[in-house]
Amino acid sequence: MTAIIYGIKNCDTMKKARAWLEEHGVAYDFHDYKAVGIDRAHLEQWVDKAGWETVLNRAGTTFRKLPDAARENLTREKAIALMLGQPSMIKRPVLEAGGKLLVGFKPESYGAEFEK
């Protein structure tokens, strides 16, 4: 099984997740959504599986710098539009593997998925 990890190349959390995958011999492809973007279909799938509240990175600088009006009254559609417009607002990493979706990096979650 080859996993696909989505994120931003220079993100520290991404570096940790990629290092974990490499240390554990997990084959993966990397998709830099800041460099090449992300399509609506992927975002909608992720939001359907994990919830927009999980996929949208509200703790990040990009989100926090938005005007108050853009951060208020968030809905699924508004969150997707924000993430499409500025992919750095997508929580990192997003990992697709074997039909599963992991959002964010926690070594124990990766271990549960890959060390079976």
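Each chain has its residues counted from 1, following the order in which its sequence is written. Restriction of local features to residues with pLDDT of at least 70 applies here, the model being predicted, together with a cutoff of 80 or more for giving and counting side-chain atom pairs; totals for whole chains, interfaces and linings are based on all residues. Calculation of side-chain values draws on the structure's entire complement of heavy atoms; hydrogens and water are dropped beforehand.

J.: It is not clear to me how the packing of helix 2 (residues 40-50) against helix 6 (residues 76-85) should be interpreted in this structure. Could you clarify?
T.: When two helices pack together, you describe them by how their axes are tilted relative to each other and by the distance separating the axes. Axis geometry follows a simple rule: fit a line to the C-alpha atoms, using only the stretch in contact for helices, then measure angles between N-to-C directions, giving values from 0 to 180 degrees. Secondary structure elements follow DSSP: runs of H or I of four or more residues count as helices, runs of E of two or more count as strands, with numbering from the N terminus. Between helix 2 and helix 6, whose axes approach to 10 Å, the crossing angle comes to 135°. Between helix 2 and helix 6, the angle falls in the class oblique. Considering the relative orientation of helix 2 and helix 6, their crossing is right-handed. Between helix 2, through R40, L43, E44, V47 and D48, and helix 6, the contact on the second element is made entirely by R76, E77, I80, M83 and L84. In what follows, roughly perpendicular refers to angles from 65 to 115 degrees, roughly parallel to angles under 35, roughly antiparallel to angles over 145, and oblique to any angle outside these ranges. In a left-handed crossing the near helix is turned counterclockwise from the far helix by less than a right angle, and in a right-handed crossing that turn is clockwise. Contact between two residues is taken to exist if any of their heavy atoms lie within 4.5 Å; hydrogens are not considered.

J.: Can you help me understand the pairing of strand 1 (residues 3-7) in this one?
T.: Sheet faces and side chains relate simply in a regular strand, where the side chains alternate between the two faces. Summary of the burial criterion: residues with accessible area below 20% of their type's maximum are buried, those above 50% are exposed, and those between are partly exposed, where the area comes from a 1.4 Å probe applied to protein chains only. Within strand 1, 4 of the 5 residues are buried, which leaves it mostly tucked inside the rest of the structure. Bridge count between strand 1 and strand 2 (residues 28-32): 5 bridges; the pairing is parallel. Residue I4 lies in a different strand from strand 2, and its bridge partner there is D29. For the handedness criterion, the β-α-β arrangement of strand 1, helix 1 (residues 12-23) and strand 2 is classed as right-handed. When DSSP finds two or more bridges between two strands, those strands count as paired. Relative to strand 3 (residues 94-97), strand 1 runs antiparallel, the two being bridged by 3 bridges. By convention a crossover is right-handed if, when the strands point away from the viewer, the path from the first strand over the helix to the second runs clockwise.

J.: How should I be thinking about helix 2 in this particular structure?
T.: Counting along an α-helix, one turn takes 3.6 residues, and residues three or four places apart therefore face a common direction. Taken as a whole, helix 2 has its buried residues at L43, W46 and V47. Relative to the axis of helix 2, the buried residues are bounded by an arc of 100° and lie together on one face. Seen from the open side of helix 2, the exposed residues pointing more than 90 degrees away from its buried face are D48 and K49. Pairs of N or O atoms within 3.5 Å make up the polar contacts considered here, provided that, within protein, one atom can donate a hydrogen while the other can accept it, and that residues adjacent in sequence are counted only when both atoms are side-chain atoms. At the N-terminal end of helix 2, a side-chain oxygen is found 3.1 Å from the backbone nitrogen of A41, two or three residues along, and the residue is D39. Of the residues flanking the end of helix 2, it is G51, one or two places downstream, whose phi is positive at about 90°. Of all possible arcs, the one meant is that of the directions from the helix axis to the C-beta atoms.

J.: Could you clarify how one ought to interpret the sheet that holds strand 1 in this entry?
T.: Consider a sheet: its strands pair through backbone hydrogen bonds, and that pairing is either parallel or antiparallel. Overall, mixed pairing links the 4 strands, which are arranged 2-1-3-4 in an open sheet. In this open sheet, the two edge strands, each paired with only one partner strand, are strand 2 and strand 4 (100-103). Averaged over all pairs of adjacent strands, the angle between their axes in this sheet comes to 15°, without regard to strand direction. Packing of helix 2 onto the sheet brings it into contact with strand 1, strand 3 and strand 4, and relative to strand 4 it is tilted by some 85°.

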